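# Structural description and commentary
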Amino acid sequence: MMPGQRLQGCRSLHLNEDNGRFALLALLIILYLLCGAAVFSAIERPSELRAHGRWNGTLLNFSETFNISLQDLNSFLREYEAAIAAGIRADALRPRWDFTGAFYFVGTVVSTIGFGMTTPVTVAGKVFLIFYGLLGCAATILFFNLFLERIITLLAVVMKAVRERRIRNSGLLPPGIRHDFSAYSLPGWKPSVYHVMLILGLSAITISCCASAMYTPVEGWAYLDSLYFCFVTFSTIGFGDYVSSQSAAYEYQSLYRAANFLFMLMGVCCIYSLFNVISIVIKQVLNWMLEKMSCLFCQRCSKASVLLGRRNAIRPGSKGRQGRSGQRPDSDGPCDSDTEGRRLSGEMISMKDLAASNKVSLAIMQKQLSESANGYPRTVCGSSRHNGFSGGVGALGIMNNRLAETSNSR
Amino acid sequence: MKTDFSCCCSSLIPSRDTARCYLLFVLIAFYMLAGAAIFSSLERPAELQAHQLWEKRLRDFGHEHNISREDLKTLLLHYEKARTAGIRTEPGRALWDIPGAFYFVGTVVSTIGFGVTAPSTVTGKVLLVFYGLLGCSATILFFNLFLERIITLLGLLIFRCNGWKTGYRKPSVYQVTLILFVAVLLVACGAASLYSAMEGWTFLESLYFCFVAFSTVGFGDFVSGQREHHEDTWETNCLFPKSLCKQYSVAPLKNQTKKFRQVNELNSDNM
């Protein structure tokens with residue numbers, strides 16, 4: 001694997017493409033944070049000052065009514081703070097550290113939500129938490145990443161089936177060839193990242209709305225507050241200002257607790273997948289920005305690369321390749337420029353492909369011939385603009401083929 | 001990617017990838033049950049004791065100053081409400097000035113979410129949802145790219161250390177995990193010594209805080225940089241991104257090790 005490819009013709013810029021993308025992303029995130037800070041500050045600061053004023057008023061009022069000095073009151077409240085840290089509240093709450101409470105706590109740890117309504121106070125608990133969390137969080141992140149892969153696969157299968165049905169219905173193929181077609185059709189077709197993002201987004205909204213519909217009557221929150229709680233929880237931010245299932249008793253308590261657990265599990269999986277898919281889109285935006293910037297800085301702008309819309313494609317004869325052992329680098333997909341160029345020039349199936357495929361049925365050849373005849377867009381290599389999944393998705397996708405144990409060749 | 005068993009009842013037998021998912025879910029469930037039991041036994045006595053002490057204190061205070069139970073409870077409820085707006089007994093820094101808001105959005109996009117600062121207005125909450133969607137995705141991408149860069153860098157370093165003997169070899173996951181582990185330990189210990197000096201926590205509490213923050217769990221029981229006067233706020237806050245990246249990288253690498261073991265359990269032939 002190569003450390004990175006140089007943008008063609010850009011020798012003055014000593015940054016290779018991967019490092020450039022990383023730096024650009026860091027810069028953009030910092031700008032995003034600064035803008036967010038300004039906006040949130042403007043929205044929340046007045047409210048904070050008002051809350052301070054209200055509290056001071058309440059304190060003074062209480063102090064005067066019951067004739068207690070402010071210092072005594074404050075020291076009492078400081079003790080209450082320590083009690084709050086131990087999980088005590090004015091209203092009776094469910095036990096923190098009975099088995100179900102501890103299970104809820106452990107769930108917030110391994111999912112990294114971390115509400116903070118229950119935290120270990122003993123030294124042994126804190127030390128154990130560190131070791132427990134290391135393994136637990138890693139396993140749960142793996143679970144979410146595997147779920148992400150499974151969901152993308154499932155969506156790809158469903159979308160492919162829908163697409164085939166549409167093609168079949170539009171009468172391109174004789175209806176007799178059904179079984180063969182579904183087994184070997186559309187080699188290398190992958191769903192568009194925007195479609196997947198849409199589907200995941202809708203699922204996330206559905207899950208959040210259903211969960212909020214449950215939380216609003218049971219917890220007594222406003223519907224908007226429940227939606228806010230759902231987002232904060234499912235994204236694993238977990239402020240802890242709202243926490244579900246904390247009261248001492250509920251109607252249908254076991255059912256509610258089970259539903260709470262299931263909603264959180266589904267919600268976190270869904271939103272985690274959504275975040276990863278959005279991050280693919282952001283990566284494509286970054287690539288686009290890098291290309292624009294490299295055109296700006298380097299006078300010789302590779303027209304070919306702009307036309308083909310290649311993302312991280314391997315360019316033939318790039319400098320870094322010399323002197324390395326002959327492995328095929330694999331940054332953003334199995335497409336190499338040769339295949340891509342040929343496909344876009346309208347050539348039919350090359351002899352190489354024909355020889356490579358084990359079972360070529362007449363139907364496939366017919367289909368591809370008719371496709372190109374009818375001007376269907378090539379979805380195999382040429383439209384890497386829309387196909388964000390070729391590089392793998394999520395952390396596991398990043399590591400695929402980059403480590404000795406995850407690649408077929410070293 | 002997907003290897004389906006092509007037999008007539010293929011719908012019943014899950015593919016290897018799906019089976020791995022189920023197996024992992026079951027293992028995590030057992031892990032959580034075991035963890036719940038252990039934590040419960042560690043912490044329950046302390047909780048009961050804290051409840052007793054507080055009951056006593058509440059009663060004594062009520063008698064001492066001749067206040068009814070209900071009035072005290074009203075005050076405490078008011079205080080709890082004030083706490084969600086960020087008020088504490090100790091005068092702390094402002095929460096929503098620009099540096100405070102920057103700290104807040106940092107905890108949002110990294111999904112740490114301490115909770116010391118949380119939006120209380122409706123506008124703030126709505127904005128948070130949309131802001132968080134884009135910000136968290138970008139930060140996840142950042143961590144993933146960081147992981148990729150680190151693996152590349154380590155691969156190069158290992159290659160150089162071997163003296164260019166053989167051709168370029170991709171780094172082993174175990175090597176990378178070990179190096180990242182050591183790096184995280186170093187950063188955590190360094191950060192912990194800084195925090196224990198600046199925040200007045202014990203070294204163990206600082207280590208605990210480092211773990212909780214860097215793993216993005218973010219309870220909020222310990223939060224750095226909340227005291228009123230902080231000369232080194234910028235230094236302490238700059239440690240965060242670096243350590244977060246490292247922590248975030250360790251976890252996926254451990255995933256790979258786990259994944260290999262699971263694949264072996266499920267009769268792997270190739271990865």
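Residues numbered from 1 in each chain as written. Chains lettered and ligands numbered in written order. Predicted model: local features only at pLDDT ≥ 70, side-chain atom pairs only at ≥ 80, totals over all residues. Heavy atoms only, no water.

A count of helices and strands for chain A gives 13 helices and zero strands. Start at the N end of chain A and walk to the C end: the helices and strands fall as α-α-α-α-α-α-α-α-α-α-α-α-α. Residue burial in chain A is summarised as follows: out of 410 residues, 50% are buried. Contacts spanning at least 24 positions in sequence make up 66% of the contacts within chain A whose residues lie at least 6 apart. For chain A, the accessible surface area stands at approximately 19500 Å², while carbon and sulfur atoms represent 63% of it. (Helix = DSSP H or I, 4+ residues; strand = E, 2+ residues; numbered from the N terminus. Buried < 20%, exposed > 50% of the residue type's maximum accessible area, 1.4 Å probe, protein only. Contact = heavy atoms within 4.5 Å. Areas by Shrake-Rupley, 256 points an atom, 1.4 Å probe, with all protein chains shown as cover.)

Our next topic: the UniProt feature "transmembrane region" (unreviewed entry) in chain B. Residue and element names in this part refer to chain B. Following the UniProt record, the feature "transmembrane region" (unreviewed entry) maps to residues 22-42, 101-122, 128-161, 173-195 and 201-220 here. Annotated as residues 101-122, this span is 45% helix and 0% strand, and its ends, taken at the C-alpha atoms, are 17 Å apart. Spanning residues 201-220, this segment combines 60% helix with 0% strand, and its end C-alpha atoms are found 14 Å apart. (UniProt positions renumbered as here; feature names shortened; annotations may be inferred.)

We now examine the packing of helix α7 (residues 223-234) of chain A against helix α8 (residues 253-297) of chain A. Residue and element names in this part refer to chain A. At a closest axis distance of 8 Å, the pairing of α7 and α8 adopts a crossing angle of 70 degrees. On the basis of the axis angle, α7 is roughly perpendicular to α8. Note that α7 runs across α8; the crossing there is right-handed. Residues F229, F231, T233 and F234 of α7 pack against F263, M264, G267, V268, I271 and F275 of α8. (Axes fitted to C-alpha atoms, helices over the stretch in contact; angles between N-to-C directions. Parallel < 35°, antiparallel > 145°, perpendicular 65-115°, else oblique. Left-handed = near helix turned anticlockwise from the far one by under 90°.)

In this section: the nonpolar core. The nonpolar side chains of soluble globular proteins are, as a tendency, buried together. Membership of the largest hydrophobic core comes to 125 residues, with the highest contact counts inside it found for A:L129, A:Y215 and A:F239. Top element by residues in this core is α8(A). It accounts for 17 residues. Apart from residues lying up to four places away in sequence, A:L129 is in contact with A:F105, A:V109, A:P120, B:F39, B:Y208, B:F211, B:V212 and B:F219. (Core = buried A, V, L, I, M, F, W, Y, C linked by side-chain atoms within 4.5 Å.)

All names here are of chain B. Taking the numbering used here, the UniProt-annotated feature "domain: Potassium channel" (unreviewed entry) corresponds to residues 92-150 and 183-224. With 69% helix and 0% strand, the stretch residues 92-150 has end C-alpha atoms that lie 38 Å from each other. Overall, residues 183-224 shows 69% helix and 0% strand. The separation of its end C-alpha atoms is 21 Å.

Residue and element names in this part refer to chain A. Here, the residues flagged by UniProt with the feature "transmembrane region" (unreviewed entry) are residues 22-43, 102-123, 129-158, 193-215, 221-243 and 255-275. Secondary structure across residues 221-243 comprises 52% helix and 0% strand; the distance between its end C-alpha atoms is 11 Å. Structurally, residues 255-275 is divided into 100% helix and 0% strand, and its ends, taken at the C-alpha atoms, are 30 Å apart.

Right, let's get into the pattern of salt bridges. Inspection of the entire model under this criterion finds 13 salt bridges over all chains. The partner of A:E79 in a salt bridge is B:R57, with the nearest N and O atoms 2.3 Å apart. With A:E79 in helix α2 (residues 70-85) and B:R57 in helix α1 (residues 16-65), this residue pair bridges two chains. Here A:E79 falls in the partly exposed class, since its relative accessible area comes to 31%. One salt bridge connects B:E55 with B:R69, and the closest N-O pair in it is separated by 3.1 Å. Placement of B:E55 in helix α1 and of B:R69 in helix α2 (residues 69-84) is noted, with a sequence separation of 14 residues between them. Taking the relative accessible area as the measure of exposure, B:R69 reaches 41% and is therefore partly exposed. (Salt bridge = Lys/Arg side-chain N within 4 Å of Asp/Glu carboxyl O.)

Attention shifts here to unusual backbone geometry. At A:S245, a position not held by glycine, the phi torsion is positive, near 60 degrees. Turning to its location among the elements, A:S245 is positioned in the loop between α7 and α8. For B:T111, which is not glycine, the phi torsion reads 60 degrees and is therefore positive. Inspection of the secondary structure assignment puts B:T111 in the loop between α3 (98-109) and α4 (122-161). For B:T111, a relative accessible area of 9% gives the class buried.

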